[in-house]
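These are the residues of each chain, in order.
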Amino acid sequence: MQSTAPEMTKSASTAGKQASTQDADGMAVASFILGLPGLLVANIFLGPTAIVLAAIALRRGTSRRGRAWFGMALGLIDLAVLAILITADGTLSWSP
């Protein structure tokens, strides 16, 4: 019975690490998905959310590093668009 205890602990830690990686992968994809519409609408909320999710995903070791970095870039671009809108016409949204 003692020989199976380390195997059970090893498999439990492997399963936990795999679940953490899957969560990080989901966060990387979510940051990318939230960053895209943030370019046009609700960039004050979606930009920072995309940045935070991408940072957490990268910290947790996602296997989708490209999506996480692209989501972070989109979040930063969202904030840049917001800054341009505010300085151009003093609003938080597109105006006709």
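These remarks concern the structure in this document. (Residues numbered from 1 in each chain as written. Predicted model: local features only at pLDDT ≥ 70, side-chain atom pairs only at ≥ 80, totals over all residues. Heavy atoms only, no water.)

1. Regarding unusual backbone geometry
In the Ramachandran plot, Ala42 falls in the positive-phi region, its phi being about 50 degrees despite a non-glycine side chain. Along the chain, Ala42 falls in the loop between α1 (4–35) and α2 (43–59). A residue is classified by how much of its surface remains accessible, and Ala42, at 39% relative accessible area, is partly exposed. (Helix = DSSP H or I, 4+ residues; strand = E, 2+ residues; numbered from the N terminus. Buried < 20%, exposed > 50% of the residue type's maximum accessible area, 1.4 Å probe, protein only.)

2. Re α2
Turn by turn, an α-helix covers 3.6 residues, leaving residues three or four places apart pointing in a common direction. Counted at 1.5 Å a residue, the expected span for α2 with its 17 residues is 24 Å, and the 24 Å between its end C-alpha atoms agrees. Turning to α2, its buried residues are Asn43, Leu46, Gly47, Ala50, Ile51, Ala54, Ala57 and Leu58. Axial view of α2: buried residues confined to an arc of 135 degrees, hence all on one face. With respect to the buried face of α2, the exposed residues turned more than 90 degrees away are Phe45 and Arg59. One or two residues past the end of α2 sits Gly61, with phi positive at roughly 80 degrees. (Expected span 1.5 Å × (residues − 1). Arc of directions from axis to C-beta.)

3. Here we look at the environment of Leu82
Mapping Leu82 onto the fold places it in helix α3 (residues 65–89). For Leu82 and Gly38, which are 44 residues apart along the polypeptide, the C-alpha to C-alpha distance reads 9.5 Å.

4. Side note on the environment of Trp69
If you trace the backbone, Trp69 turns up in helix α3. Given the relative accessible area of 46%, Trp69 is considered partly exposed. In sequence terms Trp69 and Leu58 are 11 residues apart; their C-alpha atoms lie 8.1 Å from each other.

5. Here's the deal with the side chain of Thr62
Along the chain, Thr62 turns up in the loop between α2 and α3. By relative accessible area, Thr62 is classed as buried at 5%. Among the polar contacts listed, one links the side chain of Thr62 to the backbone nitrogen of Arg64, at a separation of 3.0 Å. (Polar contact = N/O pair within 3.5 Å; in protein donor to acceptor, adjacent residues only side chain to side chain.)

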